[in-house]
Structures are given as C-alpha cells and as structure tokens.
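Results of the structural survey
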Amino acid sequence: MRSGILILMAAVLLGSIGAAFHIFAPDNVAATRGRVLYDANCAACHGQNLEGQPDWRSPRPDGRFPAPPHDAAGHTWHHSDTALIDYITLGGEEALAQMGVSFDSAMPAFGDVLSTQEIADILAYIKSRWPDRERQFQAERSASDGG
C-alpha cells in the first residue's frame, strides 16, 4: 500500500514537472535560440550585452545614427512586435519608408538572411532581458497594434 502511494506521488510529481516544462519551455527555448542568432547577427552593432553603440542618440558625420541599445536604456521596447519585425526584416530605411518617413538608417535588412522564426527568436531573447515594466509596456503596445 505504501509503495503504491509513493509511486502515485512520484507520477504526479513527474507529471507536474512535465507540464511545467511544456508550459514554460517554449519561451526559454526561443530565447536561447535567439541568443545564438543575436550573437551572430546583431551583437556586432548592438553590443554583446544589448548595450548599443556609444552616443547612440547623436548622428555620426555621415548623418546616420549609431546602433541603439536593445536593453531597457534603449527604445526597442517602445515599439510593437509588428514594427520590430518589419525593421529587422526590411531594414530601417525601408521599414520607415513604408510608414512615409524618409530616413537614412544604417540598419540592414535581414529578411533574406533570417527566417520569420529566427527573427521571432531574436526578439524573444531581447525581450527576455528587459525588466518586467518594459516587457509589459511592449506587450500592451503590441496588443494595441495587432502584433
């Protein structure tokens, strides 16, 4: 009788662990994949720790702005998922042009380099590094933008 109860308790525990892994793992897995992709495609400009380039708010002599940080000090979290995906996919200049804004952006297009899933994984990684306040703000912005 006692061994039956222990087996039942072990099964419940393992089932709970499995359910928790299933519920929480996808975001963690996406963020882990995103970290590798970020390091390979984004870190050279936006920094290994999402810190961006120095003096990112001031244009360089060529008129282009340095790469902004993707941490809480930057403005990435001010934008919806749709806007961020467009910016990564199309590049800064084209994404802004489609919104009617003429701007010489140094952000290249990655739509031919990264898949939609890879871009989503990079964003999952970036978001995983934000404090709760910034994540909540960005989630609300994305929801109101439909993306």
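Bear in mind the structure is a predicted one, so any value in this text is a computation, not a measurement.

**Details of helix α5 (residues 116-128)**
- Here α5 contains 13 residues, and its C-alpha end-to-end distance of 18 Å stays within 8% of the 18 Å for a straight helix at 1.5 Å per residue.
- Among the residues of α5, those classed as buried are Ile119, Asp121, Ile122, Leu123, Tyr125 and Ile126.

**Describing the packing of aromatic side chains**
- For the coordinates displayed, the defined rule picks out 3 aromatic pairs.
- Taking 5.3 Å as the distance between ring centres and 85° as the angle between the ring planes, the aromatic pair formed by Trp77 and Phe137 counts as edge-to-face. Taken as a pair, Trp77 in the loop between α2 (43-46) and α3 (81-90) and Phe137 in helix α6 (residues 132-145) lie far apart in primary sequence, 60 residues in all.
- In this structure Trp77 comes out as buried when scored by relative accessible area, which is 9%.

**A few points about unusual backbone geometry**
- Even without glycine at this site, Leu50 takes up a positive phi of about 65°.
- When you line up the elements, Leu50 lands in the loop between α2 and α3.
- Take Leu50: its relative accessible area is 1%, and that puts it in the buried class.
- In this structure, Asp55 is a non-glycine residue whose phi angle is positive, near 55°.
- Structurally, Asp55 is set in the loop between α2 and α3.

**Quick notes on the side chain of Ser142**
- Relative to the helices and strands, Ser142 is located in helix α6.
- Within polar-contact distance, the side chain of Ser142 engages the backbone nitrogen of Asp81 at 2.8 Å.

**What about the nonpolar core?**
- Counting residues in each nonpolar core, the largest one holds 17 residues, and the members touching the most others are Tyr38, Ile88, Leu114, Ile122 and Ile126.
- Those elements that place two or more of their residues in this core are α1 (2-41), α3 and α5.
- Per-element accounting of this core gives the leading share, 5 residues, to α5.
- Look past the residues within four positions of Ile122 in its chain and what remains in contact with it is Gly34, Leu37, Tyr38, Cys42 and Leu114.

**Points about the pattern of salt bridges**
- Summed over all chains, the structure comprises 7 salt bridges.
- The closest approach of N and O atoms between Arg64 and Asp104, which form a salt bridge, is 3.1 Å. With a gap of 40 residues between them, Arg64 in the loop between α2 and α3 and Asp104 in the loop between α4 (92-97) and α5 connect regions that are remote in the sequence.

**Notes on the confidence of the model for the protein chain**
- For the protein chain, mean pLDDT is 87; residues scoring 70 or higher make up 81% of the total.
- Every residue in residues 8-25 is under pLDDT 50, and counting partners more than four places away or in other chains gives 2 contacts.

Rules used in this analysis
- Residues numbered from 1 in each chain as written.
- Predicted model: local features only at pLDDT ≥ 70, side-chain atom pairs only at ≥ 80, totals over all residues.
- Heavy atoms only, no water.
- Helix = DSSP H or I, 4+ residues; strand = E, 2+ residues; numbered from the N terminus.
- Expected span 1.5 Å × (residues − 1).
- Buried < 20%, exposed > 50% of the residue type's maximum accessible area, 1.4 Å probe, protein only.
- Phe/Tyr/Trp six-rings, centres within 6.5 Å; stacked < 30°, edge-to-face > 60°.
- Polar contact = N/O pair within 3.5 Å; in protein donor to acceptor, adjacent residues only side chain to side chain.
- Core = buried A, V, L, I, M, F, W, Y, C linked by side-chain atoms within 4.5 Å.
- Contact = heavy atoms within 4.5 Å.
- Salt bridge = Lys/Arg side-chain N within 4 Å of Asp/Glu carboxyl O.
- pLDDT = per-residue confidence, 0-100.

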